[in-house]
Amino acid sequence: MTRQRSRKLFSRILWFDQDVGSDTAAGTEAVSNPAPEPPAAPVPEVRADVPVPRRVRSRILSMEPQPASQGEIYTEHFGLTSRPFALTPDPDFLYWPQSHQRAYTMLEYGIRANSPITLITGEVGAGKTTLLLHLIRSLGPEIRVGLISNPHGSRAELLRWVLHALEQPADLNESYVDLFSRFQNFLLSEYAAGRSVVLIFDEAQNLTAEALEELRMFININSGKDEVLQLVLIGQPELRDLVSQPNMRQFAQRVAASYHLTAMDLKTVRGYIPHRLKVAGAQKRIFTRPAIDLVHQVTRGVPRLVNQLCDLALVYAFTRGKRTVTPATVQQVLDDGVFFSANASRHTSET
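Bear in mind that the values here come from a model prediction, so they are computed numbers and not experimental data.

J.: Which residues make up the overall build of the protein, and what values go with them?
T.: Secondary structure assignment for the protein yields 13 helices and seven strands. Counting the 351 residues in the protein, one finds 41% classified as buried. Considering only residue pairs separated by 6 or more positions, the protein has 75% of its internal contacts joining residues 24 or more positions apart.

Structure below.
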């Protein structure tokens, strides 16, 4: 069974020449079962001005067996209903260690308390975007959310990013004054309708100091005791360093809620991996305790790296017909060099 599964796995990614197989099969049949030669067909007249079609030999992907749908390469083998360690952020798999609980509390507090600016930072792959998506799903219709991912550009381009996120027109030939006037009128109209506007900037470490100052000017639209606009900045540790600079003190003074999300410690990883497997439908323990400890040692508890290594370990266990991931399985992944992020974890901080 193991060899059969391995063949099925690798046949989905190997190329073969369909013509070669067809020619070989045809030749074998001709030798074993000779057939009478058909009557010679009339030779068509070849004209000099008409090009003769040439037989093209092409390499195509195998059509048999049919490839499994994405994410189902090992799910049936382990009794899972979905892929437990996908790299895309999925709030359904959200695990709640203390660090994530506190970060989410700050996010929710910042919005519910009408904080002008909420700042959440963390290492690459720490789970910031997953928390953000969970927050957006929990907000009601009284809050209008504009999500801007990886913002960049000049102040006019930044304002266009904002207007597009709020589903407002922003033509390229419009001046900055026209764009800002439309933005201000939109905020006031939402406030009059009983709704507040929250602009969320993901990967905000890519913003320059000038762009952050522009965002601070947006906050000045607020008047009276009510906030018509709130900013939520999500980014890597460089964002916190930028805001902490002396020339950014006016911006920093408007930050009412902030939190730095760290990597997971060993105890958290021991709960994180079984949790994701259980959400994916696991009915029994798949990763042994020593295997989990090795995963934490290699990844330093960064959730995205944990997901990558666990996913590869499941693939390796599947191809060998094993239903349990042991330290030997994880070590084989590392020895083969397929876990490209092994060195990246050395630059992350432990909790």
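J.: Tell me about the pattern of salt bridges, residues and numbers included.
T.: One pass over the structure, following the stated rule, counts nine salt bridges. Asp92 is paired through a salt bridge with Arg137; the nearest N and O atoms lie 3.3 Å apart. Pair noted here: Asp92 is in the loop between strand 2 (60-61) and helix 3 (98-112) and Arg137 is in helix 4 (residues 128-138), with a separation of 45 residues, a long-range link. By relative accessible area, Asp92 is classed as partly exposed at 49%. A salt bridge links Glu167 to Arg144; the nearest nitrogen and oxygen atoms lie 3.9 Å apart.

J.: An account of the packing of aromatic side chains is needed here, citing residue identities and associated values.
T.: Applying the stated criterion to the full structure yields eight aromatic pairs. Arranged with centres 6.1 Å apart and planes meeting at 75 degrees, the rings of Tyr74 and Phe78 form a pair that is edge-to-face. In this structure, Tyr74 and Phe78 share a single accessibility class: buried. Seen from their ring centres, Phe85 and Phe287 are 6.0 Å apart, and the 75 degrees between their planes marks the pair as edge-to-face. Residue Phe85 is located in the loop between strand 2 and helix 3, and its partner Phe287 is located in the loop between helix 10 (266-279) and helix 11 (289-299); the two are separated by 202 residues in the primary sequence. When sorted by exposure, Phe85 lands in the same class as Phe287, which is buried. Taken together, the aromatic side chains of Tyr176, Phe180, Phe183 and Phe218 make up a single cluster linked through ring pairs.

J.: With reference to specific residues and values, describe the sheet that holds strand 6 (residues 229-235).
T.: Taken in spatial order, the five strands of this open sheet run 4-5-6-3-7, and their pairing is parallel. Pairing within the sheet leaves two strands with one partner each, and these edge strands are strand 4 (143-149) and strand 7 (255-261). Across the sheet, the mean angle separating the axes of adjacent strands is 15 degrees when strand polarity is ignored. Note that strand 3 (residues 117-122) and strand 6 share five bridges and pair parallel. Directly across from Thr118, in strand 6, lies its bridge partner Val232. The strands touched by helix 4 are strand 3, strand 4, strand 5 (196-202), strand 6 and strand 7; relative to strand 5, the strand with the most contacts, the crossing angle is about 160 degrees. Across the sheet, helix 5 (residues 155-165) lies against strand 4 and strand 5, angled at about 130 degrees from strand 4, the strand it touches most.

J.: I'd like a description of the layout of surface pockets, backed by residues and values.
T.: In this structure, the largest pocket occupies an estimated 380 Å³ of space. Taken together, 27 residues form the lining of the largest pocket, with Gly125, Ala126, Gly127, Thr130 and Pro303 sitting closest to its centre. Within the residue set of the lining of the largest pocket, elements represented by two or more residues are helix 4, helix 10 and helix 12 (303-319). For the lining of the largest pocket, the residue count by class is 13 nonpolar, eight polar and six charged.

J.: Describe the packing of helix 11 against helix 13 (residues 327-336), listing the residues and the values that go with them.
T.: Where helix 11 meets helix 13, the closest approach of the two axes is 8 Å, and the angle between their N-to-C directions is 30 degrees. The angle between the axes of helix 11 and helix 13 places the two elements in the roughly parallel class. Residue-level contacts link Pro290, Ala291, Leu294, Val295 and Val298 of helix 11 to Pro327, Val330, Gln331 and Leu334 of helix 13. Looking at the contact of helix 11 with helix 13 residue by residue, the classes come out as eight nonpolar, one polar and no charged.

Criteria and thresholds
- Residues numbered from 1 in each chain as written.
- Predicted model: local features only at pLDDT ≥ 70, side-chain atom pairs only at ≥ 80, totals over all residues.
- Heavy atoms only, no water.
- Helix = DSSP H or I, 4+ residues; strand = E, 2+ residues; numbered from the N terminus.
- Buried < 20%, exposed > 50% of the residue type's maximum accessible area, 1.4 Å probe, protein only.
- Contact = heavy atoms within 4.5 Å.
- Salt bridge = Lys/Arg side-chain N within 4 Å of Asp/Glu carboxyl O.
- Phe/Tyr/Trp six-rings, centres within 6.5 Å; stacked < 30°, edge-to-face > 60°.
- Pairing = 2+ DSSP bridges.
- Axes fitted to C-alpha atoms, helices over the stretch in contact; angles between N-to-C directions.
- 1 Å grid on protein atoms, 1.4 Å probe; cavity = no way out; pocket = protein on both sides within 12 Å on 5 of 7 lines; lining within 4 Å.
- Points joined across faces, edges and corners; volume = space filled by probe spheres on them.
- Nonpolar A, V, L, I, M, F, W, Y, C, P; charged D, E, K, R; others polar.
- Parallel < 35°, antiparallel > 145°, perpendicular 65-115°, else oblique.

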